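Per-entry structural report
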Amino acid sequence: LHLEYLMKKVPESDVIPYRFKANSSQKKRMDKGEPLLYNLNFFDGIPEYHRVGTTEMFVAFELQIGYEAEVNGLRVDHLAYEEGRILKAQPLLKAYKEAH
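I will try to describe carefully the structure that is included in this document. Remember, it's a predicted structure, so these values are computed and weren't measured experimentally.

Turning to the sheet that holds strand β1 (residues 15-22), a few remarks are in order. A sheet is described by the order of its strands in space; here 3 strands give the open sequence β1-β2-β5, paired in antiparallel fashion. Two strands lie at the open edges of the sheet, namely β1 and β5 (61-65), each paired on one side alone. Direction aside, neighbouring strands of the sheet carry axes that sit 25 degrees apart on average. When β1 meets strand β2 (residues 38-44), the two strands line up antiparallel, connected through 7 bridges. By the bridge assignment, Ala 22 is partnered in β2 with Tyr 38.

What follows is the structure in structure tokens.
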């Protein structure tokens, strides 16, 4: 929590960026020098910390930056991967989703 406290807001906003990186799904394209897709991860206002069982997390946002076709193409085959990754990290959420 202390590290989040030290982060700076974008002037005249509540946006607190904490990571900007090339989207890892674009590695093959990066190696070829083709257009990249970037992710900007940020908090909106005060970072919200949650703990459920042994799972700890912050509520954060991700903005994907790139050509429209790249962003749309990523969504086609990336949603299932993201859902699986999130549910693997949060077994209580997975159990709830499967029960309902």
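When you line up the elements, Asn 39 lands in strand β2. A relative accessible area of 5% places Asn 39 in the buried class. Ignoring sequence-local partners within four residues, the contact set of Asn 39 consists of Arg 19, Phe 20, Lys 21, Asn 23, Glu 62, Leu 63 and Gln 64.

Another aspect to go through is unusual backbone geometry. Positioned with a positive phi, Glu 12 is a non-glycine residue whose angle comes to about 60 degrees. Look at Glu 12 and you get exposed, because its relative accessible area is 88%.

A word on a nonpolar patch on the surface. Together, Phe 20, Leu 63 and Ile 65 make up a nonpolar patch on the protein surface, roughly 280 Å² of accessible area in all. Locating Leu 63 in the fold gives a position in strand β5. Taking the relative accessible area as the measure of exposure, Leu 63 reaches 42% and is therefore partly exposed.

For the rest of this paragraph, the subject is the pairing of β2. When β2 meets β5, the two strands line up antiparallel, connected through 5 bridges. What sits directly across from Asn 41, in β5, is Glu 62.

On to the pattern of salt bridges. Scanning all chains against the criterion turns up 1 salt bridge. A salt bridge links Lys 9 to Asp 14, with the shortest nitrogen-to-oxygen separation between them at 3.3 Å.

Attention shifts here to the packing of aromatic side chains. Taken as a whole and judged by the stated rule, the model has 5 aromatic pairs. Each ring, one from Phe 42 and one from Phe 61, has its centre 5.7 Å from the other, and the planes form 20 degrees; the classification is stacked. One end of the pair, Phe 42, is in strand β2; the other, Phe 61, is in strand β5, and 19 residues separate them in sequence. Exposure remark for Phe 42: the relative accessible area of 16% places this residue in the buried category. Note on Phe 61: relative accessible area 39%, which makes it partly exposed. Centre to centre, the rings of Phe 43 and Phe 58 are 5.8 Å apart; their planes meet at 65 degrees, and the pair counts as edge-to-face.

Parameters and conventions
- Residues numbered from 1 in each chain as written.
- Predicted model: local features only at pLDDT ≥ 70, side-chain atom pairs only at ≥ 80, totals over all residues.
- Heavy atoms only, no water.
- Pairing = 2+ DSSP bridges.
- Helix = DSSP H or I, 4+ residues; strand = E, 2+ residues; numbered from the N terminus.
- Axes fitted to C-alpha atoms, helices over the stretch in contact; angles between N-to-C directions.
- Buried < 20%, exposed > 50% of the residue type's maximum accessible area, 1.4 Å probe, protein only.
- Contact = heavy atoms within 4.5 Å.
- Patch = residues over 30% accessible without salt bridge, like charges linked within 9 Å, V, L, I, M, F, W, Y side chains within 5 Å.
- Areas by Shrake-Rupley, 256 points an atom, 1.4 Å probe, with all protein chains shown as cover.
- Salt bridge = Lys/Arg side-chain N within 4 Å of Asp/Glu carboxyl O.
- Phe/Tyr/Trp six-rings, centres within 6.5 Å; stacked < 30°, edge-to-face > 60°.

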